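# Coordinate inspection notes
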Protein chains: 2
Amino acid sequence: MFSDEYFMRLALKEAEEAYHQGEIPVGCVVVSQNRIIARSHNLTETLNDVTAHAEMQAITSAAEFLGGKYLKNCTMFVTLEPCVMCCGALNWAQISRLVIGARDEQRGFISKNLSLHPRTEMSTGILEAECSEIVKQFFRERR
Amino acid sequence: MFSDEYFMRLALKEAEEAYHQGEIPVGCVVVSQNRIIARSHNLTETLNDVTAHAEMQAITSAAEFLGGKYLKNCTMFVTLEPCVMCCGALNWAQISRLVIGARDEQRGFISKNLSLHPRTEMSTGILEAECSEIVKQFFRERR
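Everything numeric here is computed off the predicted structure, so don't read it as measured data.

Right, let's talk about the relation of the copies chain A and chain B for a bit. Here chain A sits on chain B after a turn of 180° about the axis and a move of 0.0 Å along it, with an RMSD of 0.0 Å. Here the two chains are linked by the operation of a two-fold rotation axis. Minimal C-alpha distance to the rotation axis in chain A is attained by Met85 of chain A, lying at 1.9 Å. Mapped onto chain B, 100% of the interface residues of chain A again fall at the interface, so both copies present the same surface.

Okay, structure coming up:
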């Protein structure tokens, strides 16, 4: 039951929430021992704040939940590849695992030759088509 | 009067505040038309939050002050070279100018071959010795 697809589907629900609020649709959940300890979606427009990416909010609220700033034994499921800022934050958080839906060739950290913390395992391409399609649809409507 | 040294001295005061709170002493001010619109210091320990770097908080609060997420016509004075996370955030914010006190060869963005937004001008080495010394002293005491 608790597959990567299961949790990515919940992250995608968060992205849909963002979509309906006119935000670039990226969503995220943080899971520890198969429990969701944080969920969030992009809120940069609503909060007028470039730092309010889904991942940043999820890191802050997962740490709040755990009572410590390191996200050990935690997995983040995020619908879109994190940007440079979020990659840097994930590094500081030393998260155990990062699961990415769709790649973001332009803005994502991978093409910038940045790497995650040595303790962080990474998987990509989970529900890739759906995670990518919601972003494309968002920008199609705004053209 | 409103020289780079003048504002960096105020950023350094923020770093001293951090120092007295047991935080890695990094401080920051954001200036627009010679007015300080945000000031902050590192709060990662106090808030149990890896994202609570001085620069991140200053970006959020400057945007709040301006009522918009882009920090146009703003200069950030920060005592230590920003990390990857903060560099990413400054990029999103399209800040006009970044003034750095001391370099951070290990954790700073410059050695990672990252660059700031094309619209961002950068200066380094303002009150470098003092900005560097406070960090060194902090770690010397903890050894």
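Picking up after the structure, the text goes on.
Positive phi is not limited to glycine here, since Leu127 of chain A has a value of about 50°. Under the relative-accessibility criterion, Leu127 of chain A is labelled buried at 15%. Located in the positive-phi region is Asn113 of chain B, a residue other than glycine, with phi close to 60°. Following the sequence through the fold, Asn113 of chain B ends up in the loop between strand S4 (97-102) and strand S5 (121-124). Assessed through its relative accessible area of 72%, Asn113 of chain B is described here as exposed.

Considering the arrangement of structural elements, one finds Met85 of chain A in helix H4 (residues 84-93). Met85 of chain A gets classed as buried once you look at its relative accessible area, which sits at 0%. Not counting the four nearest positions on each side in its chain, Met85 of chain A is found in contact with Val50, Thr51, His53 and Met56 of chain A together with Met56, Val84, Met85, Gly88, Ala89 and Trp92 of chain B.

Residues and elements named next belong to chain A. Read across the sheet, five strands follow the order S2-S1-S3-S4-S5 without closing on themselves; strand pairing throughout is mixed. The open sheet has two edge strands with one neighbour each: strand S2 (35-41) and strand S5 (121-124). Within the sheet, the average angular offset between the axes of one strand and its neighbour, ignoring direction, is 15°. With four bridges connecting them, strand S4 (residues 97-102) and S5 associate as parallel partners. Note that in S5 the partner of Ile100 across the bridge is Thr124. Packing against the sheet, helix H5 (residues 128-142) makes contact with strand S3 (74-80) and S4, and its axis sits at approximately 60° to S4.

Summarizing the sequence annotation, UniProt attributes the feature "domain: CMP/dCMP-type deaminase" (unreviewed entry) to residues 2-112 of chain A in the numbering used throughout. When the span residues 2-112 of chain A is considered, its composition is 40% helix and 23% strand, and the gap between its end C-alpha atoms is 32 Å.

A separate point is the interface of chain A and chain B. Contacts between chain A and chain B engage 24 residues on the former and 24 residues on the latter. Both faces considered, chain A and chain B share a buried interface measuring about 2,100 Å² in area, 69% of it formed by carbon and sulfur atoms. The three residues of chain A that bury the most area against chain B are Val50, Lys69 and Trp92 of chain A, which together make up 33% of that side's buried surface. Counting across the chain A and chain B interface gives two salt bridges. Among the ionic pairs, Glu45 of chain A bridges to Lys69 of chain B, the shortest N-O distance being 2.9 Å. Our count for the chain A to chain B interface comes out at eight residue pairs in polar contact (both at pLDDT 80 or more). Breaking the side of chain A that touches chain B down by element, the ones donating at least two residues are helix H2 (44-47), helix H3 (54-66) and H4 of chain A. In terms of residue count, the dominant contributor to the side of chain A that touches chain B is H4 of chain A (six residues). When the residues that make up the side of chain A that touches chain B are grouped by side-chain class, the tally is eleven nonpolar, eight polar and five charged.

Residue and element names in this part refer to chain B. At their nearest, the axes of helix H2 (residues 54-66) and helix H3 (residues 84-93) sit 9 Å apart, and the two run at 20° to each other. With respect to their mutual orientation, H2 and H3 come out roughly parallel. The handedness of the crossing between H2 and H3 is left-handed. Here H2 contributes Glu55, Met56 and Ile59 to the contact with H3, which in turn contributes Met85, Cys86, Ala89, Leu90 and Ala93.

All names here are of chain B. At a closest axis distance of 10 Å, the pairing of helix H1 (residues 4-20) and helix H4 (residues 128-142) adopts a crossing angle of 10°. The angle between H1 and H4 places the two elements in the roughly parallel class. Contacts from Met8, Arg9, Leu12, Ala15, Glu16 and Tyr19 of H1 reach H4 at Glu130, Cys131, Ile134, Gln137, Phe138 and Glu141. When grouped by side-chain class, the residues that make up the contact of H1 with H4 number seven nonpolar, one polar and four charged.

Calculation criteria
- Residues numbered from 1 in each chain as written.
- Chains lettered and ligands numbered in written order.
- Predicted model: local features only at pLDDT ≥ 70, side-chain atom pairs only at ≥ 80, totals over all residues.
- Heavy atoms only, no water.
- Least-squares fit on C-alpha atoms with pLDDT ≥ 70 in both.
- Contact = heavy atoms within 4.5 Å.
- Buried < 20%, exposed > 50% of the residue type's maximum accessible area, 1.4 Å probe, protein only.
- Helix = DSSP H or I, 4+ residues; strand = E, 2+ residues; numbered from the N terminus.
- Pairing = 2+ DSSP bridges.
- Axes fitted to C-alpha atoms, helices over the stretch in contact; angles between N-to-C directions.
- UniProt positions renumbered as here; feature names shortened; annotations may be inferred.
- Buried area = accessible area lost by both parts, 1.4 Å probe.
- Salt bridge = Lys/Arg side-chain N within 4 Å of Asp/Glu carboxyl O.
- Polar contact = N/O pair within 3.5 Å; in protein donor to acceptor, adjacent residues only side chain to side chain.
- Nonpolar A, V, L, I, M, F, W, Y, C, P; charged D, E, K, R; others polar.
- Parallel < 35°, antiparallel > 145°, perpendicular 65-115°, else oblique.
- Left-handed = near helix turned anticlockwise from the far one by under 90°.

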